Amino acid sequence: MENEKFGSKIGIIAATAGSAVGLGNLWGFSYKAGTNGGGFFVLIYLLFVVSLGVPLMLSEFMIGKNGKSDAITSFENLDKKGSFFTSAGFTGILASFLVLTFYGVLAGWSLIYFIEGITTGFSAYTSEASETIFNETIMSAKLTVTAQLGFMALVIGVLLGGVQSGIEKMSKILMPMLFVIIIGLALYGLTLPGSKDAYAFFFKPTFEGVEAGVFEIATAAMAQAFFSLSLGMAVIITYGSYVDSKLDIVSITKQVAVADTAVALLAGLAIFPIVFSAGIDPSGGPGLMFISLPIGFGSMAGGRFIGIVFFLLVVIAALTSAISLLENTVSLLKNRFGMDRVKATILSGVVASIIGLGANYTFGFGLPFLNWTGSTDFLDQLDLLTMNLLIPLSALLVTLFVGYRLKFEYILKEFGNNETNAKNFLTYVKVVMPILIGVVLLSSILSFF
Ligand code: TRP
């Protein structure tokens, strides 16, 4: 079956940046920077984006673009049938499915907050009441299930349109919108009284009030960098298979990395001034976006409008990421099981929604056989399992594949036949990356015990 293709370079960049920019940038990055002391975490994060994220994204793109198939078959096309490295695709697809389940839950909550902003506003979210309201909201099955299924229906709807008229077209509309909103919110942050403290917290590397050790912060920063750039789940392999062989993936990779990092930083510039102006503790953890921020929206002049726009932004960002997560499976079902797009999308979308409902219903308590992850909460368990185990594992396998299995001619071609650059890249992928990723992976495996 002829593989579908993206229509243009700008379309690929929009779609890949759409995948990269998501809850990880808006929700994850800000709360993790908050709990890990701000500036120091941000600095390490940036180092990981450049030193590991960019070469890893390029590696995944190379596998997809030359393997020309789903995340598992691409490895076989480049190596041999039943290649050991198909396990990287398998791990990746499994992880993307798991992430999609909790993505749907969080996106659903954001949708609820967006609608609530429009219908009633945020004035009830005082510093005393915000947490209670949040807990009541997420315990309301009617609300959360409707929102989650509504969100998943959107995801399925976009994917039914296919690669060009679904994913690409949607991303080309939504991504510019997202940029305008986030820049507007960051500029608004500039006008707030707490902005100076916020910038100092976000950019000055200090350890004040940080409990985690340097190694723990580094592990968290690497996991966050991979997640944010959509790496380690074979999604970029799948998207790479839709890239025309004439296009330059080195420049596409750089542009996507810049866009994704810019949104993470802008999100910090939008969120922390509100947090500091409202006198909220920045190290509030995962509740930062749903509990702390609404307090700011409820108390500031114009806060209602800002809040509505903010949660709209979150839903848009989550949508373009969720479609990439599901497309991974759709592509697999199409290529390996000969299903047509409609069947593949509906089947995988419905199954993901059902598991997602499980994730939603088990919120607040976890599966006992996953307690070794260090958490007894199912959403947390999924998060830990994917971020700290499956993603780095798949990433390690990808670097080993490109370093030791991929034909050098493919690498050479991507570097415009510049032998020195291609060789430097290869050495880096062969030696430096496996060591760095391996060390972090090992340390997070050890932390499970
Ligand atoms: N990058 C997205 C975020 O930051 C999440 C995501 C979408 C993702 N697709 C992915 C993460 C593939 C890893 C792999 O929220």
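Before reading on, note that the structure itself is shown above.
Keep in mind that what you see is a predicted model, and the values were worked out from it rather than measured.

K.L.:
Would you explain the overall build of the protein chain in this entry?
P.N.:
The helix and strand inventory of the protein chain stands at 18 helices and zero strands. Computed over the C-alpha atoms, the radius of gyration of the protein chain is 21 Å, within 12% of the 22 Å expected from 2.2 N^0.38 for a compact globule of 449 residues. If one aligns the C-alpha atoms of the protein chain with their principal axes, the spans along those axes are about 60 × 45 × 45 Å. The buried share among the 449 residues of the protein chain stands at 62%. By sequence separation, contacts in the protein chain at least 24 residues apart represent 80% of the contacts at least 6 residues apart. Carbon together with sulfur atoms contributes 68% to the accessible area of the protein chain, which is approximately 17,000 Å² in total.

K.L.:
Sorry, what's going on with the nonpolar core here?
P.N.:
As a rule of thumb, soluble globular proteins bury nonpolar side chains together. One finds Phe226, Phe290, Phe297, Phe310, Phe311 and Ile411 to be the most contacted residues of the largest nonpolar core, which totals 165 residues. Ranked by the residues each element gives to this core, the list is headed by helix α14 (residues 303-337), at 18 residues. Excluding residues within four positions of it along the chain, Phe311 makes contact with Ser110, Tyr113, Phe114, Phe122, Met289, Phe290, Pro294 and Phe297.

K.L.:
Sorry, what's going on with helix α9 (residues 195-203) here?
P.N.:
The α-helix winds at 3.6 residues per turn, so residues separated by three or four positions along the chain end up facing the same way. Three or more residues of α9 are buried, namely Ser195, Ala198, Phe201 and Phe202. The arc that holds the buried residues of α9, viewed along the axis, is 125°, so those residues lie on one side. The exposed residues of α9 that point more than 90 degrees off its buried face are Lys196 and Asp197. Among the structural elements, α2 (23-35), α3 (39-67), α8 (162-190) and α12 (249-277) are those in contact with the buried residues of α9.

K.L.:
What is the right way to look at the site of the ligand in this model?
P.N.:
Every one of the 16 residues lining the ligand counts as a neighbour, but Ala20, Gly24, Tyr103, Phe227 and Ser230 are closest to it. Here Phe227 contributes a backbone N or O atom positioned 2.8 Å from a nitrogen atom of the ligand. Ser230 is positioned such that a nitrogen or oxygen atom in its side chain is 3.0 Å from a nitrogen atom of the ligand. Taken by itself the ligand offers 360 Å² of open surface, and the protein chains cover 100% of this. Split by residue class, the shell around the ligand holds eight nonpolar, eight polar and no charged.

K.L.:
Got a minute to help me understand the packing of aromatic side chains in this structure?
P.N.:
Geometry of an aromatic ring pair is reported as the spacing of the ring centres plus the angle between the planes. All chains considered together, the criterion is met by 29 aromatic pairs. Both rings, one in Phe29 and one in Phe41, keep their centres 6.1 Å apart while their planes meet at 45°; by these two values the pair is tilted. Of the two residues, Phe29 is situated in helix α2 and Phe41 in helix α3; the sequence distance between them amounts to 12 residues. On the basis of relative accessible area, Phe29 is assigned to the buried category, the value being 1%. Given the relative accessible area of 0%, Phe41 is considered buried. Ring geometry for Phe202 versus Phe203: centroids 5.1 Å apart, planes at 65°, classification edge-to-face. The exposure class of Phe203 is partly exposed, given its relative accessible area of 46%. Counting every residue linked through ring pairs, the aromatic cluster contains Trp109, Tyr113, Phe122, Tyr125, Phe134, Phe290, Phe297, Phe310 and Phe311.

K.L.:
Please explain the environment of Ala301 as it appears in this structure.
P.N.:
Among the structural elements, Ala301 can be located in the loop between α13 (292-299) and α14. When its relative accessible area of 70% is taken as the criterion, Ala301 is described as exposed.

K.L.:
Mind showing me how you'd approach the packing of α14 against helix α15 (residues 341-361) here?
P.N.:
Helix-helix packing is described using two parameters, namely the angle between the two axes and the distance between the axes. Axis separation between α14 and α15 bottoms out at 9 Å; the angle between their running directions is 135°. Accordingly, the angle class assigned to the pair α14 and α15 is oblique. Considering only the axes of α14 and α15, their crossing is right-handed. Taking contact as the criterion, the partners of Leu326, Glu327, Thr329, Val330, Leu333 and Lys334 in α14 are, on α15, Arg341, Ala344, Thr345, Leu347, Ser348, Gly349 and Ala352.

Quick notes on the rules
- Counting from 1, residues in each chain are numbered in the order their sequence is written.
- In keeping with the predicted nature of the model, local features appear solely for residues at pLDDT of at least 70, side-chain atom pairs appear and are counted solely at 80 or more, and the whole-chain, interface and lining totals rest on all residues.
- Only hydrogens and water are removed before side-chain values are computed, so all heavy atoms of the structure are retained for them.
- A run of DSSP states H or I qualifies as a helix once it reaches four residues; a run of E qualifies as a strand once it reaches two. Both are numbered from the N-terminal end.
- As defined in this context, the radius of gyration uses C-alpha atoms, and a globule is described by 2.2 Å times the residue total to the power 0.38.
- Only protein chains enter the accessibility calculation, which uses a 1.4 Å probe; a residue whose area is less than 20% of its type maximum is buried, one above 50% is exposed, and one in between is partly exposed.
- The contact rule is simple, with two residues in contact once any of their heavy atoms fall within 4.5 Å.
- Per-residue accessibility takes into account occlusion by the displayed protein chains alone, with areas from the Shrake-Rupley method and a 1.4 Å probe.
- Nonpolar cores are built from buried Ala, Val, Leu, Ile, Met, Phe, Trp, Tyr and Cys residues. Side-chain atoms within 4.5 Å join them into one set.
- As used here, the arc is the angular range of directions from the helix axis to the C-beta atoms.
- Note on terminology: near, applied to a residue and a molecule or strand, indicates that one of the residue's heavy atoms is within 4 Å of it.
- Under this definition, polar contacts are N or O atom pairs within 3.5 Å; protein pairs additionally need one hydrogen-donor-capable and one acceptor-capable atom, and for neighbouring residues in sequence, both atoms have to be side-chain atoms.
- Note on residue categories: nonpolar means Ala, Val, Leu, Ile, Met, Phe, Trp, Tyr, Cys or Pro, charged means Asp, Glu, Lys or Arg, and polar means any other residue, Gly included.
- We call Phe, Tyr and Trp rings a pair once their centres come within 6.5 Å, taking the six-membered ring for Trp, and we label the pair stacked below 30 degrees between planes, edge-to-face above 60, and tilted otherwise.
- To get an axis, a line is fitted to the C-alpha atoms, and for a helix only the part in contact is used. The angle between two axes follows their N-to-C directions and goes from 0 to 180 degrees.
- Each angle receives one of four descriptions, namely roughly parallel if under 35 degrees, roughly antiparallel if over 145, roughly perpendicular if within 65 to 115, and oblique otherwise.
- Note on convention: the crossing is left-handed when the near helix lies turned anticlockwise from the far helix by less than a right angle, right-handed when the turn is clockwise.

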